[in-house]
Amino acid sequence: MLCILGSRLLRRLPQRGGNRLMIGLALFNIGLYLLKIALICRQPWFNVWEYLPLDLCGVNLFVCLLAALLQKRALYSFLYFIACPAAALALLLPNACFLNCNLFEPVTLIFYLQHSILAIFPLLLILAGRFRPQLSSVWRSAGVFVLSCAIMYGIDKLIFLLTGVRANYFFLVRSPGNPVLDYLWRLNPREFVYALPCLLVLTVINMLMCLPFISKSPHRHTIKA
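Residues numbered from 1 in each chain as written. Predicted model: local features only at pLDDT ≥ 70, side-chain atom pairs only at ≥ 80, totals over all residues. Heavy atoms only, no water.

A. Here's a closer look at unusual backbone geometry. The backbone phi angle of Gln-71 is positive, close to 55°, even though this residue is not glycine. Examined against the element boundaries, Gln-71 turns out to sit in the loop between α3 (56-70) and α4 (73-92). Even without a glycine there, the phi angle at Phe-192 is positive, about 70°. Relative to the helices and strands, Phe-192 resides in the loop between α7 (179-187) and α8 (197-210). (Helix = DSSP H or I, 4+ residues; strand = E, 2+ residues; numbered from the N terminus.)

Right, dumping it as structure tokens:
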């Protein structure tokens, strides 16, 4: 419902006003991340090296902002094919630390609100007619995602070498307690390799996400860049 209402508002606004709305939404989500850090930074278990904005959804906070500022098709595609399903998975199958938590605890509430915004951000653009997914973008997004995973795995290992902290950004070093990743880890308990089946599943999901747009003509304000 919020997605539909937001897309209608986006349609009614002029191009510049719509861009400002999306920039404001992206900045609001980044503000939620900073608020979360402010709430947990005094906890005895907090370690700054484990809470840098380098996890997949943390990176996507800034991809949203770049997409709103630059209005590039490649960024929109990455958000739709990577950020949207990743955020949806986090909402449907949250990590162990968010299971059985009070929904109205500030950190838990921020988690669900932040990931909800990440999930609907590209959908708002689609429903407003500003972006139309294409099947050819699935392979490019998958390639960028694999490259991103390789870089982030290197960052994980570099943090460990420099600080001794076992960073786990993109969940490539071990499962964070997510049911799906737990199962894959039990099948193949090796760093990075255990998560590779996710790429195949994600590609299939991305192709299914393109089905509603295959036979439709582009909308009036579709981004062509």
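B. Structural detail: a nonpolar patch on the surface. On the surface, Leu-200, Val-204, Leu-208, Leu-211 and Ile-214 cluster together into a nonpolar patch covering about 510 Å² of accessible area. Residue placement: Val-204 occurs in helix α8. The exposure class of Val-204 is partly exposed, given its relative accessible area of 43%. (Patch = residues over 30% accessible without salt bridge, like charges linked within 9 Å, V, L, I, M, F, W, Y side chains within 5 Å. Areas by Shrake-Rupley, 256 points an atom, 1.4 Å probe, with all protein chains shown as cover. Salt bridge = Lys/Arg side-chain N within 4 Å of Asp/Glu carboxyl O. Buried < 20%, exposed > 50% of the residue type's maximum accessible area, 1.4 Å probe, protein only.)

C. Region of the structure containing the side chain of Asn-60. Summarising the element assignment, Asn-60 is placed in helix α3. The buried category is assigned to Asn-60, whose relative accessible area is 0%.

D. Fine view of the pattern of salt bridges. Within the structure shown, the criterion is met by one salt bridge. Lys-157 is paired through a salt bridge with Glu-191; the nearest N and O atoms lie 3.1 Å apart. With Lys-157 in helix α6 (residues 136-163) and Glu-191 in the loop between α7 and α8, the pair connects residues that are 34 residues apart, well separated along the chain. A residue is classified by how much of its surface remains accessible, and Glu-191, at 27% relative accessible area, is partly exposed.

E. Quick peek at helix α2 (residues 15-40). Compared with the 38 Å implied by 1.5 Å per residue over 26 residues, the 38 Å span of α2 between its first and last C-alpha is a close match. Listing the buried residues of α2 in full gives Gly-18, Asn-19, Met-22, Ala-26, Asn-29, Ile-30, Leu-32, Tyr-33, Lys-36, Ile-37 and Ile-40. (Expected span 1.5 Å × (residues − 1).)

F. Region of the structure containing the packing of aromatic side chains. Summed over the entire model, instances satisfying the criterion amount to 10 aromatic pairs. Between Tyr-80 and Phe-81, the ring centres sit 5.1 Å apart and the planes meet at 65°, which makes this aromatic pair edge-to-face. Side by side, Tyr-80 and Phe-81 carry an identical accessibility label, which is buried. With centroids separated by 5.0 Å and ring planes inclined at 85°, the aromatic side chains of Trp-185 and Tyr-194 adopt a geometry described as edge-to-face. What makes Tyr-194 buried here is its relative accessible area of 1%. Feature note: the residues Tyr-76, Tyr-80, Phe-81, Phe-131 and Phe-213 constitute an aromatic cluster, connected by ring pairs. (Phe/Tyr/Trp six-rings, centres within 6.5 Å; stacked < 30°, edge-to-face > 60°.)

G. Fine view of the environment of Ser-137. Along the chain, Ser-137 turns up in helix α6. For the pair formed by Ser-137 and Met-207, sequence separation is 70 residues and the distance between their alpha carbons is 9.7 Å. Leave out the neighbours within four places in its chain, and Ser-137 touches Arg-73, Ser-77 and Phe-81. (Contact = heavy atoms within 4.5 Å.)

H. Fine view of the side chain of Asn-178. By secondary structure assignment, the location of Asn-178 is in the loop between α6 and α7. Reaching out from Asn-178, the side chain makes a polar contact with the backbone nitrogen of Val-180 at a distance of 2.9 Å. Every residue in contact with Asn-178, bar those within four places of it in the chain, is listed here: Leu-93 and Asn-95. (Polar contact = N/O pair within 3.5 Å; in protein donor to acceptor, adjacent residues only side chain to side chain.)

I. Here's a closer look at the nonpolar core. In this structure, Met-22, Leu-79, Tyr-80, Phe-121, Leu-125, Phe-145 and Phe-170 are the most contacted members of the largest nonpolar core, which totals 52 residues. Counting only elements with at least two residues in this core, the list comes to α1 (2-12), α2, α3, α4, α5 (106-127), α6, α7 and α8. Once residues within four sequence positions are removed from consideration, Leu-79 is found in contact with Asn-60, Val-63, Cys-64, Ala-67, Cys-84, Phe-121 and Pro-122. (Core = buried A, V, L, I, M, F, W, Y, C linked by side-chain atoms within 4.5 Å.)

J. Representation of α5. Here α5 spans 30 Å end to end across 22 residues, near enough to the 32 Å set by a 1.5 Å rise per residue. Approximately 30° is the largest bend angle found in α5, and it occurs at Ile-120, with the proline Pro-122 only one to four residues beyond. With its phi angle positive at about 80°, Gly-129 sits one or two positions after the end of α5. (Bend = angle between axes of the 7 residues up to and from the residue.)

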